[in-house]
Amino acid sequence: MEALKRDRAVRDNTWREHVSTYEQKVGVLDKELENINREFERLKQKKLKLAETHGHKNANENDLIEINAGGRVITANRGALTYQKGTMLEALFSGRWDKEIQRD
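Read on for an overview of the structure. (Residues numbered from 1 in each chain as written. Predicted model: local features only at pLDDT ≥ 70, side-chain atom pairs only at ≥ 80, totals over all residues. Heavy atoms only, no water.)

### Here we look at the pattern of salt bridges
Selection rule: Salt bridge, as used here: a side-chain nitrogen of Lys or Arg that lies within 4 Å of a carboxyl oxygen of Asp or Glu. Comment: elements are numbered from the N terminus, with helices defined as DSSP H or I runs of at least four residues and strands as E runs of at least two. Burial status follows relative accessibility: with a 1.4 Å probe on protein chains alone, a residue under 20% of its type maximum counts as buried, one over 50% as exposed, and anything between as partly exposed.
Under the counting rule described, the total for this entry stands at four salt bridges. Where Lys 44 meets Glu 41, a salt bridge forms, and the shortest distance between an N and an O atom there is 3.4 Å. Of the two residues, Lys 44 and Glu 41 are both situated in helix H1 (residues 2–54); the distance of three residues between them amounts to about one turn of the helix. For Lys 44, a relative accessible area of 38% translates into the label partly exposed. When its relative accessible area of 37% is taken as the criterion, Glu 41 is described as partly exposed. Between Asp 63 and Arg 78 there is a salt bridge, with its nearest N and O atoms 3.4 Å apart. Of this pair, Asp 63 sits in the loop between H1 and strand E1 (64–69) while Arg 78 is found in helix H2 (residues 78–81), placing the two residues 15 residues apart along the sequence.

Quick look at the structure:
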C-alpha cells in the first residue's frame, strides 16, 4: 500500500512538472507570436508607405498592364501577374512601384 502511495505521489509530481514546463513554453510561444504579429503589421505599414511614395495605392487587380517583352507588347491583367503572393512578379506588378518602372 505504501508503494502505491509513493508511486502516486511520484506520478503527481511528474505531472505537475510537465504542466509547468508546458505552461512556460506556451508563454514563450505567445510572446514570440506577439513579436511576429507586431513585425508583420510594421511591414504592412511599410508596404503601404512604399505604395504611396513609389506607386499607386489604389492599384486594382483588374488593371490592364502593357509589357514590352523583347519588342513585343503583351497585355495582361494585374491580377494574373500578382496571383502568386511573395514572388518577384507580385512585387513588380503590385502597383507599389508603378512610378519607378522604366517605360520604353
